[in-house]
Structures are given as C-alpha cells and as structure tokens.
Amino acid sequence: MVQHAGCLVCDLNSRMESLPPREVVAFDEHWRVSHAFGTGTPGWLVLAPRRHVTAIAELSDGEAAALGAWQVKLSRALHAVTGCRKTYVAQFAEAEGFAHVHFHIVPRMGDLPAGLRGPRVFALLGRPPEDDLSEARRDELALAIRDQL
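Residues numbered from 1 in each chain as written. Predicted model: local features only at pLDDT ≥ 70, side-chain atom pairs only at ≥ 80, totals over all residues. Heavy atoms only, no water.

> What is the right way to look at the nonpolar core in this model?
Within the largest apolar cluster, 20 residues are counted, with the highest numbers of intra-cluster contacts made by Trp 31, Val 33, Leu 45, Leu 47, Trp 70, Leu 74 and Phe 103. It is helix α2 (residues 61-82) that provides the largest number of residues to this core, a total of 6 residues. Not counting residues within four places of it along the chain, the set of residues in contact with Val 33 comprises Glu 23, Val 24, Val 25, Ala 26, Leu 45, Val 46, Leu 47, Trp 70 and Leu 74. One finds Ala 36, Val 46, Val 121 and Leu 124 within the second-largest nonpolar core, a separate group that totals 8 residues. (Core = buried A, V, L, I, M, F, W, Y, C linked by side-chain atoms within 4.5 Å. Buried < 20%, exposed > 50% of the residue type's maximum accessible area, 1.4 Å probe, protein only. Helix = DSSP H or I, 4+ residues; strand = E, 2+ residues; numbered from the N terminus. Contact = heavy atoms within 4.5 Å.)

Put into structure tokens, the structure is as follows:
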C-alpha cells in the first residue's frame, strides 16, 4: 500500500494489526472503516482508502468498484445497530491534516433536530473531549456493526 508520511490515515493503515476495534470496524484490500472520534454520535463511521489518495478521481478501478458496496453495507449495518432513519454520506478531505480521501457515513436518527440535519450535522463533529463517545463505547459499537456486516 502506498503510504504518506505525516498522514493520520496512512499511519493508522500501517498499524492495522494492532489497532482497537474502533479503528478497524471492517476492511478489505482497498478500504478501512473506523468509528469517528470527536463526536458523541454513536455509529459515525469513516471509510478511507488503504493507500494514500487525496482526490476521488485518483481512486483505482478496484477502489471505486468497492466504494458503493461499502457505503450500502455500512448504511444497512448502521440501520440495524442504531435504528437510524437514514445515513448521510459526505466526502470533503479538506481540513488541515485530513487531506486523505475519506467518506463520513453518518447515522441520521429520527430525533435529530432540524437545525442539525443535512450538512449541518458536521456541527456534531470535533466536539470537546467530554462530549465525545468513550473509546470503550466506540469499540462496542464497532463490534456490533462488524457483526452486522
């Protein structure tokens, strides 16, 4: 796998065997799924290529072919585990230190306030540590989602 020094996703990808469940919910030869940090939203997943890619157009044919299947499988698993009404799928890869392409697969619960729906859901990411799900809870969710896949 092509890795990029200083890239958080590449660093994690290079250590997959030793990562906790929250960092390796599931994977295949092209993609790794993790539970997002910095959020109190149970089941907020991140789907990232296992090689360093900074634009969707750079995905290989194999990565591209697997992408849609992953998004649907993860959405189904989130529905089963969280009871969400739908999932949001978003990709920007613009924040400092997060240029590696990654897709947010976000469970949208039925009681999510209207002011946080759509792209405004990102207000629930990057929260203070005291509002974040614990590592143990993210591991628990990761294993439940893994069981559904």
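> Got a minute to help me understand a nonpolar patch on the surface in this structure?
Together, Leu 8, Phe 37 and Phe 98 line one region of the surface with nonpolar side chains, adding up to about 260 Å² of accessible area. Following the sequence through the fold, Leu 8 ends up in helix α1 (residues 8-14). (Patch = residues over 30% accessible without salt bridge, like charges linked within 9 Å, V, L, I, M, F, W, Y side chains within 5 Å. Areas by Shrake-Rupley, 256 points an atom, 1.4 Å probe, with all protein chains shown as cover. Salt bridge = Lys/Arg side-chain N within 4 Å of Asp/Glu carboxyl O.)

> When you look at the environment of Glu 140 in this model, what are you seeing that I'm missing?
Relative to the assigned elements, Glu 140 resides in helix α3 (residues 135-148). Separated by 118 residues in sequence, Glu 140 and Arg 22 place their C-alpha atoms 7.9 Å apart. Of the polar contacts made by the side chain of Glu 140, one reaches the side chain of Arg 137; its length is 2.5 Å. (Polar contact = N/O pair within 3.5 Å; in protein donor to acceptor, adjacent residues only side chain to side chain.)

> Can you help me understand the side chain of Thr 41 in this one?
Mapping Thr 41 onto the fold places it in the loop between β2 (31-35) and β3 (45-49). The residues contacting Thr 41, other than those within four sequence positions of it, are His 35, Pro 107, Leu 124 and Leu 133.

> Please explain the packing of α2 against α3 as it appears in this structure.
The geometry of a pair of packed helices is captured by two quantities: the angle between their axes and the separation between those axes. Interhelical geometry of α2 versus α3 gives an angle of 120° and a closest axis separation of 9 Å. Taken as axis vectors, α2 and α3 run oblique relative to one another. Both α2 and α3 take part in a crossing whose hand is right-handed. Along its contact with α2, which presents Ala 77, Leu 78, Ala 80 and Val 81, the element α3 presents Leu 141, Ala 144, Ile 145 and Gln 148. Of the residues assigned to the contact of α2 with α3, the class counts are 7 nonpolar, 1 polar and no charged. (Axes fitted to C-alpha atoms, helices over the stretch in contact; angles between N-to-C directions. Parallel < 35°, antiparallel > 145°, perpendicular 65-115°, else oblique. Left-handed = near helix turned anticlockwise from the far one by under 90°. Nonpolar A, V, L, I, M, F, W, Y, C, P; charged D, E, K, R; others polar.)

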